[in-house]
Amino acid sequence: NPFVVVGGLVASGTALYSYIYHERCNSNWIGYNPKGLKDDLKQKLFGQHIAAPVIFQSVTGFMSSTNSQKPLVLSLNGVTGTGKNHISKIIAKNIYRKGMDSSFVHLLPATKFFPHVENLSQYKTWLQNFIEDNVRSCERSLFIFDEMDKMHPGLIDIIKPYLDYHDHLGQISFRNSIFIFLSNSGGQEIAQTALDFWNAGLDRQKITLKDLEKSVSVSSFNNAGGGFYETFLIESGLVDVFVPFLPLEKHHVKQCVLAAMAERNLEPNLTVAEKVAEELIYFPKHEKLFSSNGCKTIEKRLPFHLFV
Ligand SMILES: Nc1ncnc2c1ncn2[C@@H]1O[C@H](COP(=O)(O)OP(=O)(O)OP(=O)(O)O)[C@@H](O)[C@H]1O
């Protein structure tokens, strides 16, 4: 029967298509490309001489280990538009073949996913099931929690057990998963340190991780009226690596504009880059040193300068 033959061919064609293109939790779809990460950090991340090596070392260490005792937990901190989401996407791209489109990568912005405090108990149940179900189906899952400083304490408490040293939690092992927390916590303090260096006539490149770790010390957060995430960050011991993001200066903004042009396959145009950078607002009020929104609004502004 020709229909059976054709039907069979279609069915096996579909199965083959699904076999080839359907993402699975295996080494065909998930791996680690250290060279890719290193190159991307070098070429696509501007003004973050501290974050770049810290991220490279921690991700490489974790991904190379065959015997990790707990998930990798990174806290990316800094003022807005300095590259925290950007770098998370770069990490995803160098681990998952489908990058952010992978079904094993989960981006959860607090205000979008958990907007109403009156729904807290539903959110808690949902989040618990979400994390467990996803790690059950793929141990090498990546969770990116955005706006951690706006996350309800009850939800942070829900995440905590998954970050700790456990053989298994309810038959599921979290030891190969990655949790990245993004927040503006400590951003102002990090910016103040960068400003202090500038005022002292010191090169920004000389700022070290140690200088910035003080930005998220207990006393600094207490003075700034730190929230639940800050306390969790300092006291829980569950965050493996604190990654500070420096505020971006005008010349970094220009680099972002040129990168955005390259992304659109346009010839780099320094005049356009300068115009876009000139338009932005800079802080502090007198020094006007750092871009208030980092490189965040560039994508939207660029078209106004391209087609004039
Ligand atoms: N340091 C950087 N190097 C290169 N590009 C950057 C950098 N910072 C920001 N960008 C560009 O600006 C866009 C917005 O930045 P991103 O979303 O990463 O900021 P963020 O730090 O996550 O901000 P927020 O705290 O508001 O979430 C990025 O998609 C990227 O194109």
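Residues numbered from 1 in each chain as written. Predicted model: local features only at pLDDT ≥ 70, side-chain atom pairs only at ≥ 80, totals over all residues.

Some details on the overall build of the protein
- Each helix and strand in the protein was counted, giving 14 helices and 7 strands.
- For the protein, the C-alpha atoms occupy an extent of roughly 80 × 50 × 40 Å along the three principal directions.
- Among the 308 residues that make up the protein, the fraction classed as buried is 36%.
- Excluding contacts between residues fewer than 6 apart, the proportion of contacts in the protein whose partners are at least 24 apart in sequence is 78%. (Helix = DSSP H or I, 4+ residues; strand = E, 2+ residues; numbered from the N terminus. Buried ≥ 20, exposed ≤ 12 C-beta atoms within 10 Å, placed from the backbone. Contact = placed C-beta atoms within 7 Å.)

Description of the site of the ligand
- Taken together, 20 residues sit near the ligand, with Thr80, Gly83, Asn85, His86 and Cys295 positioned nearest.
- In terms of residues, the shell around the ligand owes the most to one element, helix 4 (residues 84-93), which gives 3 residues.
- Along the lines of polarity and charge, the residues of the shell around the ligand split into 6 nonpolar, 11 polar and 3 charged.
- Each of domain 2 (31-247) and domain 3 (250-306) contributes no fewer than three residues to the shell around the ligand. (Near = placed C-beta within 6 Å. Nonpolar A, V, L, I, M, F, W, Y, C, P; charged D, E, K, R; others polar. Domains from an automatic or database assignment.)

Quick word on the nonpolar core
- In this structure, Leu76, Leu142, Leu155, Ile180, Phe181 and Val257 are the most contacted members of the largest nonpolar core, which totals 74 residues.
- Both domain 2 (31-247) and domain 3 (250-306) contribute no fewer than three residues apiece to this core. (Core = buried A, V, L, I, M, F, W, Y, C linked by C-beta atoms within 7 Å.)

Topic: the pairing of strand 3 (residues 142-146)
- For strand 3, the tally of buried residues reaches 5 of 5 residues, placing the bulk of the element in the interior.
- Residues of strand 3 alternate between two faces, with Leu142, Ile144 and Asp146 on one and Phe143 and Phe145 on the opposite face, all of them buried.
- Relative to strand 3, strand 2 (residues 105-109) is paired through 5 bridges, and the arrangement is parallel. Counted as the bridge partner of Leu108 is Phe145 from strand 3.
- In terms of strand pairing, strand 3 meets strand 4 (residues 178-183) through 4 bridges, oriented parallel. Its bridge partner being in strand 4, Ile144 is matched across the sheet by Ile180. (Pairing = 2+ DSSP bridges.)

Digging into the sheet that holds strand 5 (residues 241-245)
- Ordered by their spatial adjacency, 5 strands build an open sheet running 2-3-4-1-5, and the pairing between neighbours is parallel. Of all strands in the sheet, those bounded by a partner on one side alone are strand 2 and strand 5. Averaged over all adjacent pairs, the angle separating strand axes in this sheet is 15°, with direction ignored. (Axes fitted to C-alpha atoms, helices over the stretch in contact; angles between N-to-C directions.)

Looking at the UniProt feature "binding site: ATP" (unreviewed entry) in the protein
- The residues that UniProt annotates with the feature "binding site: ATP" (unreviewed entry) are Gly78, Val79, Thr80, Gly81, Thr82, Gly83, Lys84 and Asn85.
- In this structure, Gly83 sits in the loop between strand 1 (72-78) and helix 4.
- What makes Gly83 buried here is the crowd of 26 C-beta atoms within 10 Å.
- Aside from chain neighbours lying at most four places away, what touches Gly83 is Leu45, Gln48 and Phe245.
- Take Asn85: it is sitting in helix 4.
- According to the C-beta neighbour criterion, Asn85 is partly exposed, with 18 such atoms within 10 Å. (UniProt positions renumbered as here; feature names shortened; annotations may be inferred.)

Brief notes about the packing of helix 6 (residues 120-137) against helix 7 (residues 153-163)
- For the pair helix 6 and helix 7, the least separation of the axes is 9 Å and the interaxial angle reads 20°. Looking at the two axes, helix 6 sits roughly parallel to helix 7. Crossing handedness for the pair helix 6 and helix 7: right-handed. Counting all contacts with helix 6, which are made through Leu120, Tyr123, Lys124, Leu127, Gln128 and Ile131, the residues of helix 7 involved are Gly154, Leu155, Ile158 and Tyr162.
- In terms of residue class, the contact of helix 6 with helix 7 is built from 7 nonpolar, 2 polar and 1 charged. (Parallel < 35°, antiparallel > 145°, perpendicular 65-115°, else oblique. Left-handed = near helix turned anticlockwise from the far one by under 90°.)

Focus: the pairing of strand 1
- The buried fraction of strand 1 amounts to 7 of the 7 residues, a majority that puts the element mostly inside the structure.
- The side-chain alternation of strand 1 yields two buried faces, one formed by Leu72, Leu74, Leu76 and Gly78 and the other by Val73, Ser75 and Asn77.
- Across 6 bridges, the pairing between strand 1 and strand 4 is parallel. Bridging across to strand 4, Leu74 finds its partner in Ile180.

Description of the domain arrangement of the protein
- Structurally, the protein comprises domain 1 (1-30), domain 2 (31-247) and domain 3 (250-306).
- Just the C-alpha atoms count here: the centres of domain 1 and domain 3 sit 47 Å apart.

Some points on helix 3 (residues 51-64)
- A rise of 1.5 Å per residue sets the reference length of helix 3, with its 14 residues, at 20 Å; its end C-alpha atoms lie 20 Å apart and thus fit the reference within 8%.
- Three or more residues of helix 3 are buried, namely Ala51, Ala52, Ile55, Val59, Phe62 and Met63. Taken down its axis, helix 3 places every buried residue within 120° of arc, on the same side. Set apart from the buried face of helix 3 by more than 90 degrees, the exposed residues are Gln57 and Ser64.
- In the core, the buried residues of helix 3 are packed alongside helix 2 (34-44), strand 1, helix 4 and strand 5. (Expected span 1.5 Å × (residues − 1). Arc of directions from axis to C-beta.)

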